[in-house]
Amino acid sequence: MGLFPTSKQEEVDTSPHVSDEVKTTTCYMCACRCGIKVHLRGDQIRYIEGNPDHPVNKGVLCAKGSAGIMQHNSPARLQKPLLRTGERGSGEFKEIEWEEALEMATGWLGEIREKDPAKLAFFTGRDQSQSLTGWWAAKFGTRNFAAHGGFCSVNMAAAGLYSAGGSFWEFGEPDWDLTKYLLMFGVAEDHDSNPIKIGLGKLKSREGTKFVSVNPVRTGYSGIADEWIGIRPGTDGLFVFSLIHELLKAEKIDWDYLTRYTNAPWLVIQDQGAADDGLFVRDAEGNTLCYDAISKKLTSANNPDAKPVLAGEYTLPDGRKAVPAFHLMADRYLDPQYAPDAVAEQIGYSADNIRRIAAEIAHVAFEEEVELDVAWTDWAGRKQDKMIGRPVAMHAMRGISAHSNGFHTCRAIHVLQMLLGSIDVPGGFRHKPPFPRPCPPGPKPAGHDSIANTPLPGMPLGFPTGPEDLLVEADGTPKRIDKAYSWEYPLSSHGMMHMVIHNAWKGDPYPIDVLFMYMANMSWNSSMNVQGTIKYLTDKNEDGSYKIPKIIYSDAYNSEMVAYADLILPDTTYLERWDAISLLDRPICSAHGPADSIRQPVIKPDRDVRPFQDVLLDLGARLGLPGMANEDGSPTYPGGYSDYITNHERTPGVGPLAGWRGKDGDQHGKGDSNPDQLQRYIDNGCFWSDEFTAEQSYFKFANRSYLDRSKEMGWIPSADRIVMHIYSEYMQKFRLAAQGHGDVQPPDVLRSRIEETFDPLPIWYMPLEEKAFDGEDYPMHAITQRPMHMYHSWGSQNAWLRQITAQNRLFINDVTAQKQGIADDDWVWVISPHGKVKTQVKLMSGVNPHTIWTWNAIGKRKGAWGLDEKAPEANKGFLLNHIISELLPPRKDGYRYSNSDPVTGQAAWYDLRVRLEKCDALEEEVTMPMMSAVASLPNAPEQMAVLRYGADFPEANSPVSQEIKADSDTQTTMPTNEELLGEKS
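What counts as what
Residue numbering note: each chain is counted from 1, following its sequence as written. Only residues with pLDDT of at least 70 get local features here, since the model is predicted, and only at 80 or more are side-chain atom pairs given and counted; chain-wide, interface and lining totals rely on the full set of residues. Where side-chain values are given, they derive from all heavy atoms of the structure, hydrogens and water being excluded. In DSSP terms, a helix is any run of H or I states spanning at least four residues, a strand is any run of E spanning at least two, and both are numbered starting from the N terminus. Relative accessibility thresholds used throughout: buried, under 20% of the residue-type maximum; exposed, over 50%; partly exposed, between the two (1.4 Å probe, protein chains only). Residues are treated as being in contact if the distance between any of their heavy atoms lies within 4.5 Å. What sets the accessible areas is the Shrake-Rupley method with a 1.4 Å probe; for residues, cover comes only from the shown protein chains. For the purpose of charge, His is not counted, nor are the chain termini; Lys and Arg are scored as positive and Asp and Glu as negative. To locate a charge, the coordinates of NZ of Lys, CZ of Arg, CG of Asp or CD of Glu are taken. Here the rule is simple: two strands pair whenever DSSP picks up at least two bridges between them. Cavity and pocket criteria rest on a 1 Å grid covering protein atoms alone: a 1.4 Å probe that fits but cannot get out defines a cavity, protein on both sides within 12 Å along at least 5 of 7 lines defines an open pocket, and an atom within 4 Å of a point defines a lining residue. Grid points are joined across faces, edges and corners, and a volume is the space filled by probe spheres set on the points. Salt bridge, as used here: a side-chain nitrogen of Lys or Arg that lies within 4 Å of a carboxyl oxygen of Asp or Glu. Here the nonpolar group is Ala, Val, Leu, Ile, Met, Phe, Trp, Tyr, Cys and Pro; Asp, Glu, Lys and Arg are the charged ones; every other residue, Gly included, is treated as polar. Here the aromatic set is Phe, Tyr and Trp, taking the six-membered ring for Trp, and pairing holds for ring centres within 6.5 Å; pairs whose planes are under 30 degrees apart are stacked, those over 60 apart are edge-to-face, and all others are tilted. Cation placement over rings: the criterion is NZ of Lys or CZ of Arg within 6 Å of the ring centroid and within 35° of the ring normal. In this analysis, axes come from line fits to C-alpha atoms, helices being fitted only over the stretch in contact, and the angle between any two N-to-C directions falls in the range 0 to 180 degrees. Defined by distance alone, a disulfide is two cysteine sulfur atoms within 2.5 Å. By this rule the span expected of a helix is its residue count minus one, scaled by 1.5 Å. Throughout this description, any angle smaller than 35 degrees is read as roughly parallel, any larger than 145 degrees as roughly antiparallel, any in the 65 to 115 degree range as roughly perpendicular, and the remainder as oblique. By convention a nonpolar core is built from buried Ala, Val, Leu, Ile, Met, Phe, Trp, Tyr and Cys residues, the set being connected through side-chain atoms within 4.5 Å.

1. A short note on the overall build of the chain
In step 1: The number of helices and strands found in the chain is 28 helices and 36 strands.
In step 2: For the C-alpha atoms alone, the extent of the chain along its principal axes is close to 100 × 85 × 75 Å.
In step 3: Counting every position in the chain, which comprises 985 residues, the buried fraction comes to 63%.
In step 4: Long-range pairs, those at least 24 residues apart, make up 70% of the contacts in the chain with a sequence separation of at least 6.
In step 5: Just so you have it, the chain exposes about 35000 Å², and 48% of that area is on carbon and sulfur atoms.
In step 6: Between the mean site of the 100 positive side-chain charges and the mean site of the 132 negative ones, the chain shows a separation of 2 Å.

2. Let's talk about the pairing of strand β14 (residues 297–300)
In step 1: Here strand β13 (residues 289–292) runs beside β14; their pairing, made up of four bridges, is antiparallel. Paired with Asp-292 across the strands is Lys-297, a residue of β14.
In step 2: Counted along the chain from β13 to the antiparallel partner β14, the turn is four residues long, and its residue Lys-296 has a positive phi close to 60 degrees.

3. Points about empty space enclosed by the protein
In step 1: For the coordinates displayed, the defined rule picks out eight cavities of 30 Å³ or more.
In step 2: Taken as a whole, the largest cavity encloses approximately 130 Å³ of empty space.
In step 3: In terms of lining, the largest cavity is formed by 16 residues, of which the most central are Asn-215, Pro-216, Gly-399, Ile-783 and Tyr-910.
In step 4: Element by element, the count of residues in the lining of the largest cavity is highest for strand β29 (residues 780–785), at three residues.

4. Things to note about the pattern of salt bridges
In step 1: This model, assessed by the stated rule, comprises 56 salt bridges.
In step 2: Across the pair Glu-770 and Arg-913 runs a salt bridge, and its minimum N-O distance is 3.0 Å. Of this pair, Glu-770 sits in helix α23 (residues 768–772) while Arg-913 sits in strand β34 (residues 913–918), and the two are 143 residues apart along the sequence.
In step 3: What makes Glu-770 buried here is its relative accessible area of 13%.
In step 4: Salt bridges here are not isolated pairs; linked through shared partners, they connect Arg-77, Glu-576, Asp-606 and Arg-607.

5. Some words on the layout of surface pockets
In step 1: Each pocket or cavity is described by its volume, and for the second largest pocket that value is around 650 Å³.
In step 2: Arg-753, Glu-756, Leu-768, Lys-771 and Tyr-897 are, among the 18 residues lining the second largest pocket, the residues nearest its centre.
In step 3: Among the elements of the structure, α22 (751–757) and α23 are those that each provide at least two residues to the lining of the second largest pocket.
In step 4: Top element by residues in the lining of the second largest pocket is α22. It accounts for four residues.
In step 5: Here the lining of the second largest pocket is built from residues that sort into 10 nonpolar, two polar and six charged.

6. Describing the packing of aromatic side chains
In step 1: A complete count under the given rule lists 42 aromatic pairs for this structure.
In step 2: A centroid spacing of 6.3 Å and a plane angle of 75 degrees characterise the contact between Phe-699 and Phe-701, whose relative ring orientation is edge-to-face.
In step 3: Given a relative accessible area of 1%, Phe-701 falls into the buried group.
In step 4: Put simply, the rings of Phe-122, Trp-136, Phe-140, Phe-145, Phe-516, Tyr-518 and Phe-612 touch in pairs and so form one group of aromatic residues.
In step 5: Between Arg-88 and the ring centre of Tyr-546, over which it is positioned, the NZ or CZ distance is 4.1 Å.

7. A short note on the sheet that holds β34
In step 1: What the six strands build is a closed barrel, ordered β29-β33-β30-β32-β31-β34; its pairing is mixed. Each neighbouring strand pair of the sheet contributes to a mean axis angle of 45 degrees, computed without reference to strand direction.
In step 2: Bridge count for strand β30 (residues 810–813) against strand β32 (residues 835–844) is four bridges, and the pairing is parallel. Bridge assignment links Asn-813 to a residue of β32, and that residue is Met-844.

8. Remarks on the state of the cysteines
In step 1: All chains considered together, the criterion is met by zero disulfides.
In step 2: Between Cys-27, a free cysteine, and Cys-34, which holds the nearest cysteine sulfur, the sulfur-to-sulfur gap is 6.2 Å.
In step 3: With a relative accessible area of 6%, Cys-27 lands in the buried category.
In step 4: As a non-bridged cysteine, Cys-34 has Cys-32 as the owner of its nearest cysteine sulfur, 4.5 Å distant.

9. Considering helix α8 (residues 236–250)
In step 1: Taking 1.5 Å as the rise per residue, α8 with 15 residues should run 21 Å; its terminal C-alpha atoms sit 22 Å apart, in good agreement.
In step 2: Across the 15 residues of α8, 13 count as buried, placing the element largely inside the fold.
In step 3: Remark: Glu-251 follows α8 within two positions and exhibits a positive phi of approximately 55 degrees.

10. What to know about the packing of helix α3 (residues 98–115) against helix α4 (residues 130–140)
In step 1: Look at α3 against α4: their axes get within 11 Å of each other, and the N-to-C directions meet at 55 degrees. Classified by the angle their axes make, α3 and α4 are oblique. Residues Leu-109, Ile-112 and Arg-113 of α3 form the contact with α4, whose own contacting residues are Trp-136, Lys-139 and Phe-140.
In step 2: Considered class by class, the residues forming the contact of α3 with α4 number four nonpolar, no polar and two charged.

11. Topic: the sheet that holds strand β15 (residues 314–315)
In step 1: Overall, antiparallel pairing links the three strands, which are arranged β12-β16-β15 in an open sheet. Of all the strands in the sheet, just β12 (267–270) and β15 have a single pairing partner and so form its edges.
In step 2: Pairing of β12 with strand β16 (residues 321–324), which is carried by four bridges, proceeds in the antiparallel orientation. Residue pairing for β16: Gln-270 is matched across the bridge by Lys-321.
In step 3: Its contacts with the sheet put helix α10 (residues 325–333) on β12 and β16, and the angle it makes with β16 is roughly 75 degrees.

12. Here's the deal with the nonpolar core
In step 1: If you look at the biggest cluster of nonpolar residues, it comprises 273 residues, and the most contacted ones within it are Trp-136, Phe-239, Phe-516, Met-517 and Val-830.
In step 2: Per-element tally for this core: the top contributor is helix α14 (residues 406–420), with nine residues.
In step 3: What Met-517 contacts, discounting residues up to four positions off in sequence, is Phe-123, Met-497, Ile-501, Met-522, Ile-552, Tyr-553, Ser-554 and Met-561.
In step 4: Listed in part, the nine residues of the second largest apolar core include Val-281, Tyr-291, Val-309 and Tyr-314.

13. Comments concerning α3
In step 1: With 18 residues, α3 extends 26 Å between its outermost C-alpha atoms, agreeing within 8% with the 26 Å of an ideal straight helix rising 1.5 Å per residue.
In step 2: Within the span of α3, buried status applies to Trp-98, Ala-101, Leu-102, Ala-105, Thr-106, Trp-108, Leu-109, Gly-110, Ile-112 and Arg-113.

What follows is the structure, encoded as structure tokens:
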């Protein structure tokens, strides 16, 4: 009996009827690609939860993932193929049928392929199916293909793959179970979010651990760090070099690890001016050589019985001198310019603290080593009875990558890890399969020739190892429209998506006929210099034709980019299609073993839309592309993408999915196609995973059991050991070309740029845009990042996620703001050398005093994304991209380089410098610039003022449900998607 027995007790249903059916699939709300369970009631999504059996998230699901319901029911969803009727940018379209759209696209593309396939620029955004799109581009014959990595993560990928055989980002992770000291650089919260949160939870729950975050902004992960180092943007490399300086001085180095697993003992020729200066000493068979301390002779670096030295000068048979690579590295970083006292002011962190961090790292690495009683055999057949690890782990992401010095900074972090012996060891940073791979992994980029109706001989993206691999003309000018793999950006292994539109508009190096893009919001938040990009998309020749003649665009939503295309091919949402999250692409593995997954259609589209992957294969068949059309012209994959996933083989026995291969589904990694493969995935929760044995789990670069298994799975071409590169001979080859050696040399105007930036050891230089402008005129750094609950632009249209963040502010250090007379909620102008934007401020203490920052992709253009024109995103939200330039200031001859890393072409988003001016009290409190609204699309859903999704779902046992059933005037059928969007305004 309750305290008030006369009062009516509330009836609480503790086990409500949630759904009629539950289907598993894979989330698409960020790059984690977590396993999810989708609860369905009739033909509607009722609830999304994490799949506890899934290897990525183990049931954990973030706000983004749960809000997938609203992503699926977004009023921004495209409804039908569209053909532009007004001027580009107006948003004026007419609906057309799919057959007309596909015939038109086939005609445009077929005409190009018959003449010059390179006249097609095919660039995709965050589609997570780049193995398919890259393969399609290769079969079409265009070298002009890339995805979003060139403005997102190529610094990370290239630096890791040329140094350690793997990389940060989603391709490796700290040993969350055993690490005792985690140093995290520039990691925002929207990438690999759930695995990192799970890992940090493990780390923080153990005694004797420390988590140090190096980031100009203290949000998210940094907010729970034991120590936050609010570094000045772009100076992380100096901080790392100073740590290396201190470790070298104290000789806190894992000498055995360096000798066994890196190229530190390899001899480097010292013969200034010679064509082979700085290259490794090799024998007649091409084996690199070291100096054996026992025999006192040169010997092969592959000789497991040698005892290589790491320092000293040695005479070669021809009388020249050579020194070990470690010797060169130690000479460089022991230089006083890298001492803590020399770098402290530049990075904004005291010399005493730098020394303390170095001492802490050294203590944990060498005084608290991890020892596992796990026997293993190394590459040379040597038996090891234990696994000994250095429990210091490091992780890094876009805060390092998005600078023009980011490649070398990331390489520096890998060198620091090698010195400590903490890569792929217990307690250290661990590779996720299919990594590690050789440094670099190959293949080379294809596309030297563009031949009518002819596929490329390989894939359009790859890894150059010397000047001969560049895609350049005889005079050294670029062959690709984005200038990737040119002398300007030689190692641009992800392409340069941020330069495609500018270069196509300018016709530099040549004009194109068709720009074909997928999920790439290049007229807004994925573009530097938004207003300039809009000009490039809409600019015309004297005869009235557009400078970029034809633009085909595919997306699921009415993003800002839709208005600038000529032909729209509407995509489905991720809950309405098949997908393969493949080991050939961006794997979802953990370091514990391989895994891949699928998406299955859990609900049918209620619009006239088609999955882009299906459309791409259809276009390939219509065009007669090899591998997509049979000899009789019929489609090779008539069932679309699901057919491709099941039956396509990239190499014999290796397809998009590794699980349940072979006719009986009893093979993994390699095997024949299995017609029941997708059903096997569905039966298993839409994923496949396998764990390494204890013996295979660490030292993968030199572990015989792992190397054999990696080869069997098709991840590496041979089971040879993988040597990590402290010193990069590949970089030196480019430098030698700049010095006048070799058959392929850069244009004279680029020689000094190559020689300065292609150092075989990591270097630090001031970010290029920062160096170009007066620091007194633009004294502050400005950076953006995305909130944990949103991912790129997708999340900021989402009705549920908008309730968390519908307006972004400019965050300023409170002390810095006080000095400038700026208070909370003031409006200010943020002024860069390229323009200005007006916004509202918020003060905080957790930001570097010389840095301002904001959330990206919150600000929207009016008329886009199905949002009301009065939405705060379009009136008080703002976009820093308006004042970021895609070009650096002109050099002496007037030419302007891309605002990118000169090694990899990575877009330098975070090099922006600005000043602040407080707005006049009479100025209108709306963001500027304010662009005109784009027109509504034909038959677009009406704007909704209030969202009441789920309000009409009847609960089986509730009184409300009974009332509904008893009332004949009440709707008893499931509401339509449109009705579920909310009340009309």
